[in-house]
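Topology and contacts: notes
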Amino acid sequence: MTLLDVKNLTISFGGLRAVDDFKLSIKQGQLYGLIGPNGAGKTTVFNLLTGVYKPNEGIIKLGDRDITGLKTIEINKAGIARTFQNIRLFKELSVLDNVKVGLHNHHHYNTLEGIFRLPKYFRVEKEMDEKAMELLKVFDLDKEAGYQAANLPYGKQRKLEIARALATEPKLLLLDEPAAGMNPNETGELMDTIRFVQKEFGMTILLIEHDMKLVSGICEELTVLNFGRILTQGKTADVLNDPQVITAYLGE
Amino acid sequence: MSFISYLINGISLGSVYAIIALGYTMVYGIAKMLNFAHGDVIMVGGFAVFTIVSTYGLPPALGILVAVVICTVLGIVIERVAYKPLRNAASPLAVLITAIGVSYLLQNVALLIFGANTKSFTSVVSIPPLKLAEGKLMISGETIVTIISGIIVMICLTLFVNKTKAGQAMLAVSEDKGAAQLMGINVNGTIALTFAIGSALAAVAGVLLCSSYPSLTPYTGAMPGIKAFVAAVFGGIGSIPGAMIGGILLGIIEILGKAYISSQMADAIVFAVLIVVLLVKPTGILGKNIQEKV
Amino acid sequence: MGKMNSKLKFSKTTKSNMITYLIVAVAFVAVKILLAGGHMSSLMEGLLVPLCIYVMLAVSLNLTVGILGELSLGHAGFMCVGAFAGAFFSKCMKGAMPDGLRFLIAMVIGAAVAGAFGILIGIPVLRLKGDYLAIVTLAFGEIIKNLVNVLYIGRDGEGFHFSMKDSISLHLGEDGEVLINGAQGITGTPHDASFTVGIILILISLFVILNLINSRDGRAIMSIRDNRIAAESVGINITKYKLMAFSISAAIAGVAGVLYAHNLSTLTALPKNFGYNMSIMILVYVVLGGIGNIRGSIISAVILTLLPELLRGLSDYRMLIYAVILIVMMLFNWSPKAIDWKERVREKYFSGWKGRKGAAGQVSEGVLSKGKGGK
């Protein structure tokens, strides 16, 4: 079953076609990679998928729902969550609270219940604490729950971003260079975690990555972007052996 | 006929705002700070001329010269002592609060020296009023001098920024301090120069303002300072032509508002126009629109 | 392990909040003892209600500046709106209902009207960023002050009359009474304010703000402050939460205004009390007390209000000294060089002592918080 179906996606900035006639089809539960040289338009695709930019043309469908042109929060509510290339945590908040912000739209009590500390406040907060700790445990962050997010080491910050995105209970998870700045050990751990998330949560994942070891190790299918256009699309092994792709990466 | 006379008065007041706003916008562009003390430098300039001309009876030209020198030095000292140490502070609010402290300081020093009583300022302009249309339209010497000064300042500043090395360095530093430093530009010196020019302009504005509106107290500079900042934002903060347009428009709106709507509401009208402009164009008339990169 | 952690954190914020309430309560008892023993000068006694007002203003502005992370320079405008709404109600209803009830309703009205203005102004303003937002809030504050100065409302047998010109254009009947008289403002507001009422209002404001911060909505508000784009990406409604913080902040300032109005026989809107200078003074309290540090705001509002009075012996020099202290404190606490130096001194002389870090969620970088080594 296709979860994400993108057709003819195009956006230009001042005459430059940053993304041109992009298409993508990701099946439920798939781990999909989006690769390409710097400036190829990968992050722009993420920004289009999450409503940061409105496409000039094209259709984005999540399941049966057309989500083209929706606002970022609507798209998150529809079921797409993401991480950022340059980490964007809530720095002053605790690690636990970062995840609890992610849980915001799934655990409700109103402002007055919060201010007057009515029973529902305690019940829902407890629920949120438990849920958040569960998620933190998956990413081995439970011991740091009370830390300020800004004080986490880099690798753990990336993990916390993923945990926070998962807290919004998405159908599709977008990871923007999750292994950037990690050492090989950390990358290996991250690969395990991503696979775990895919299996345990039944999550569909689309990731941008430069680390070829990670891409070839976990992605089932790939799309290669170059100068905003699709260079090739298909099974990971086939794509990586495509001479066109090698040229794009290494130059003529 | 009265409309034209209001309009000319508006342009004159607007020229003063524009001169102050130019200093404001340059300082903002380069130091990224709201310099709340800028308005009080105007007051210092006014008192300097007042002392020289009214107290010691020396010629106005000397008074203006002394005012410009005092304000320039003052601007450099304020930057060096109060703002520079906070340039890399964790919160931009730190330097804002320090600027407020400097503003209180200048006001209270003036209060100690000159007292709270309103001083009546003798105009430094001795040109007779210009009579047009058989005496129906009279333009005061101060108005003429103010408008001409405004034009000269704008031309000089534009030439300075675009044609001189120091001016180009100023643009570079306001664009990107780090990169400017790497290109061998003396960033500290350039920032000091900007404060110096801004403060010298404030002195000129102080003299012009006090000549047209001849009452001087330690708090004289505060409101024009705020209005000039409004003018700078109005035109697009950081933009030199923006500050000129913003200042002149603001002056015209204020005078026409006073004349035709309500004198009590003139300030409210000025602020309301600012709000409307920012809502339509959030970075001002000539401001650049910068989108945050995701 | 994890659960313990979260429990620990929960009790820590609760404990911190309790200390804040306790400080206010202790201050209240101490002042009451001093008053009973006759150890307080009439000058100090006259400062008690204004102190409560400044504390409420500082605490509420910190909600906007520290928790929401937006710079507002128009806080006095909301105080002005609340003051006039509350005083107007009290003047209309004087004698028509029990004084206590009337004062209570006046406060509710002050809060509601200021809160409504917060929303009204917030909708356009909160789209702007940083310094643009600052200047527009300043502009709104000045407009409010200006409008109040040309507002005339009177009442006669036929009902209310309204004008923006002068009291004559109200065309009141013979039995008519001018309630709001333009620049002369409102006279004869009943003197209901007292130190006890002020303290109760401070405690209520603290209760609302601290509980809001430590709730689902508070987290959403702080997430916007920390990273708007990330907050949007996890489905936080930016506009809703910005408006929520801004209007609650305005409403509390409105209540402070009602208290202010009921402490004076004549209420007028002057640059001194409702102008941008007042807004800036409150901002100074907030920044010196620690941006986002609610307890710090209380302490700095008290100290900075008392400071000029304590310096009164120095007569003409007091505001000058105040300005110098302000500049020096800012430089000492915020300049990276001074921070480094303090760090080195601490390592050299107090190497065994580990500085306590402020808990996550609230930044504590103010003077007062730093001196005490925690929030």
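Keep in mind that this is a model prediction, so the values were computed, not measured.

Let us look at the pattern of salt bridges. Under the defined criterion, the tally for this structure stands at 28 salt bridges over all chains. Among the ionic pairs, Lys145 of chain C bridges to Glu142 of chain C, the shortest N-O distance being 2.9 Å. Within this pair, Lys145 of chain C and its partner Glu142 of chain C are both found in helix 5 (residues 130–149), separated by 3 residues, close to a single helical turn. Among the residues examined, Lys145 of chain C registers a relative accessible area of 10% and is labelled buried. Salt bridges linked by common partners bring Lys100, Glu125 and Asp129 of chain A together with Arg219 of chain C together as one network.

Another point: the interface of chain B and chain C. If you look at the interface, chain B gives 45 residues, while chain C gives 44 residues. Both sides together, the interface formed by chain B and chain C hides about 3900 Å², and carbon and sulfur atoms give 80% of it. Counting the contacts that link chain B with chain C gives 0 salt bridges. At the level of elements, helix 3 (60–83), helix 4 (93–114), helix 9 (222–235) and helix 11 (266–280) of chain B are the ones that each hand at least two residues to the side of chain B that touches chain C. With 13 residues, the top contributor of residues to the side of chain B that touches chain C is helix 4 of chain B.

A cluster of nonpolar side chains, Tyr56, Leu58, Leu62, Leu65, Val69, Val73, Val77 and Val81 of chain B, forms an exposed patch at the surface whose accessible area comes to about 730 Å². With respect to the helices and strands, Leu58 of chain B occurs in the loop between helix 2 (38–55) and helix 3.

Residues and elements named next belong to chain C. Taken together, 3 strands build an open sheet; the order of strands is 2-1-3 and the sheet is antiparallel. Only two strands of the sheet have a single partner each, and these edge strands are strand 2 (159–163) and strand 3 (177–181). Going across the sheet, the axis of each strand differs from the next one's by a mean of 20°, ignoring polarity. Pairing geometry for strand 1 (residues 152–156) and strand 3, over 4 bridges, is antiparallel. Residue pairing in the sheet places Tyr152 in a bridge with Asn181 of strand 3. Together, strand 1, strand 2 and strand 3 form the strand contacts of helix 3 (residues 75–93), whose direction differs from that of strand 3 by roughly 170°.

So, about unusual backbone geometry. The phi torsion at Glu169 of chain A lies on the positive side, around 50°, for a residue other than glycine. Take Glu169 of chain A: it is sitting in the loop between helix 6 (154–167) and strand 7 (172–176). Classification of Glu169 of chain A as partly exposed rests on a relative accessible area of 40%. Despite not being glycine, Lys32 of chain B has its phi angle at roughly 50°, a positive value. As for its position among the elements, Lys32 of chain B is in the loop between helix 1 (2–31) and helix 2.

The subject of this paragraph is the pairing of strand 10 (residues 229–235) of chain A. Pairing analysis gives 6 bridges linking strand 9 (residues 221–226) of chain A to strand 10 of chain A, with the strands arranged antiparallel. Bridging across to strand 10 of chain A, Glu221 of chain A finds its partner in Lys235 of chain A.

Moving on, we get to the nonpolar core. Counting 215 residues, the largest nonpolar core has Phe36 and Tyr83 of chain B as the members making the most contacts within it. Per-element accounting of this core gives the leading share, 17 residues, to helix 9 (residues 238–261) of chain C. Leaving out residues up to four positions away in the same chain, Phe36 of chain B has contacts with Tyr24, Leu96, Ala99, Ile100, Ser103 and Ile226 of chain B together with Leu73, Leu138 and Ile280 of chain C.

What follows deals with the interface of chain A and chain C. On the chain C side, the residues contacting the 45 residues of chain A number 37 residues. In total, chain A and chain C occlude about 3500 Å² of area from one another, counting both sides; carbon and sulfur atoms represent 61% of this. Among the residues of chain A in contact with chain C, Glu92, His104 and Ile115 of chain A are the three that bury the most area, contributing 19% of the side total. The interface formed by chain A and chain C includes 1 salt bridge. Between Glu125 of chain A and Arg219 of chain C there is a salt bridge; the shortest N-O distance is 2.9 Å. Those elements giving two or more residues to the side of chain A that touches chain C turn out to be helix 2 (72–78), helix 3 (95–102), helix 4 (111–115) and helix 5 (119–138) of chain A. Take the side of chain A that touches chain C: its biggest share by element is 7 residues, from helix 5 of chain A. Residue composition of the side of chain A that touches chain C, by class: 16 nonpolar, 15 polar and 14 charged.

Moving on to the sheet that holds strand 1 (residues 2–13) of chain A. All names here are of chain A. In space, the 4 strands of this open sheet follow the order 2-1-4-5, with antiparallel pairing throughout. Lying at the two open borders of the sheet, with one neighbouring strand each, are strand 2 (16–27) and strand 5 (65–66). By the bridge criterion, 5 bridges tie strand 1 to strand 4 (residues 57–62) in an arrangement that is antiparallel. Bridge pairing in strand 4 places Lys7 opposite Ile59. Here helix 1 (residues 42–49) sits on the sheet and contacts strand 1, strand 2 and strand 4; the angle it forms with strand 1, its principal contact strand, is near 115°.

The subject of this paragraph is empty space enclosed by the protein. The tally for this structure, following the rule as stated, stands at 6 cavities of 30 Å³ or more. Empty space within the largest cavity amounts to approximately 140 Å³. Around the largest cavity, the lining comprises 14 residues; the ones closest to its centre are Phe36, Asp40, Ser103 and Ala222 of chain B together with Tyr276 of chain C. Of all the elements in the fold, those that place two or more residues in the lining of the largest cavity are helix 2, helix 4 and helix 9 of chain B together with helix 11 (276–289) of chain C. For the lining of the largest cavity, a count of residues per class yields 8 nonpolar, 5 polar and 1 charged.

Now for the pairing of strand 7 of chain A. All names here are of chain A. In terms of burial, strand 7 is largely enclosed, as 5 of its 5 residues are buried. Burial along strand 7 is two-sided: Leu172, Leu174 and Asp176 facing one way and Leu173 and Leu175 facing the other are all buried. Note: strand 6 (residues 80–82) against strand 7, 3 bridges, orientation parallel. If you follow Ile80 over to strand 7, its bridge partner there is Leu172. One ladder, built from 5 bridges, connects strand 7 with strand 8 (residues 204–208); its direction is parallel. Counterpart to Leu174 in the pairing with strand 8 is Leu206.

With that settled, consider the packing of helix 9 of chain B against helix 5 of chain C. Put simply, helix 9 of chain B and helix 5 of chain C touch, their axes get as near as 11 Å, and they point 130° apart. One element, helix 9 of chain B, and the other, helix 5 of chain C, form an angle in the oblique class. For the pair helix 9 of chain B and helix 5 of chain C, the sense of crossing is left-handed. Of helix 5 of chain C, the residues touching helix 9 of chain B (which contributes Met223, Ile226, Phe229, Val230 and Val233 of chain B) are Tyr132, Ile135, Leu138 and Glu142 of chain C. Considering only residue class, the contact of helix 9 of chain B with helix 5 of chain C consists of 8 nonpolar, no polar and 1 charged.

Residues and elements named next belong to chain A. The residue Phe201 is located in the loop between helix 7 (184–200) and strand 8 in this model. Here Phe201 falls in the partly exposed class, since its relative accessible area comes to 37%. Not counting the four nearest positions on each side in its chain, Phe201 is found in contact with Leu135, Val138, Leu166 and Phe196.

Residues and elements named next belong to chain B. Taking 1.5 Å of rise per residue, 30 residues should cover 44 Å, and helix 1 covers 42 Å from first to last C-alpha, within 8% of that figure. Of all 30 residues that make up helix 1, 21 are buried, and the element is covered over most of its length. At the C-terminal side of helix 1, Lys32 shows a positive phi close to 50°.

Segments scoring low in pLDDT should not have their predicted coordinates read at a detailed level. Residue and element names in this part refer to chain C. With 90% of its residues at a pLDDT of 70 or more, chain C has an overall mean of 87. Contacts for the low-pLDDT stretch residues 1–8, under 50 throughout, to residues beyond four places or in other chains number 9 contacts. Confidence over residues 354–375 falls short of pLDDT 50; this stretch has 52 contacts with residues more than four positions distant or in other chains. Taken over the whole predicted complex, pTM reads 0.90, whereas the ipTM for its chain interfaces reads 0.93.

To continue, consider the state of the cysteines. In this structure the tally under the stated criterion is 0 disulfides over all chains. Cysteine Cys156 of chain B remains unbridged, with the sulfur of Cys71 of chain B as its closest cysteine sulfur at 18 Å. In this structure Cys156 of chain B comes out as partly exposed when scored by relative accessible area, which is 45%. The closest cysteine sulfur to the non-disulfide-bonded Cys92 of chain C is located on Cys80 of chain C, 17 Å from its own sulfur.

Conventions and cut-offs
- Residues numbered from 1 in each chain as written.
- Chains lettered and ligands numbered in written order.
- Predicted model: local features only at pLDDT ≥ 70, side-chain atom pairs only at ≥ 80, totals over all residues.
- Heavy atoms only, no water.
- Salt bridge = Lys/Arg side-chain N within 4 Å of Asp/Glu carboxyl O.
- Helix = DSSP H or I, 4+ residues; strand = E, 2+ residues; numbered from the N terminus.
- Buried < 20%, exposed > 50% of the residue type's maximum accessible area, 1.4 Å probe, protein only.
- Contact = heavy atoms within 4.5 Å.
- Buried area = accessible area lost by both parts, 1.4 Å probe.
- Patch = residues over 30% accessible without salt bridge, like charges linked within 9 Å, V, L, I, M, F, W, Y side chains within 5 Å.
- Areas by Shrake-Rupley, 256 points an atom, 1.4 Å probe, with all protein chains shown as cover.
- Pairing = 2+ DSSP bridges.
- Axes fitted to C-alpha atoms, helices over the stretch in contact; angles between N-to-C directions.
- Core = buried A, V, L, I, M, F, W, Y, C linked by side-chain atoms within 4.5 Å.
- Nonpolar A, V, L, I, M, F, W, Y, C, P; charged D, E, K, R; others polar.
- 1 Å grid on protein atoms, 1.4 Å probe; cavity = no way out; pocket = protein on both sides within 12 Å on 5 of 7 lines; lining within 4 Å.
- Points joined across faces, edges and corners; volume = space filled by probe spheres on them.
- Parallel < 35°, antiparallel > 145°, perpendicular 65-115°, else oblique.
- Left-handed = near helix turned anticlockwise from the far one by under 90°.
- Expected span 1.5 Å × (residues − 1).
- pLDDT = per-residue confidence, 0-100.
- Disulfide = S-S within 2.5 Å.

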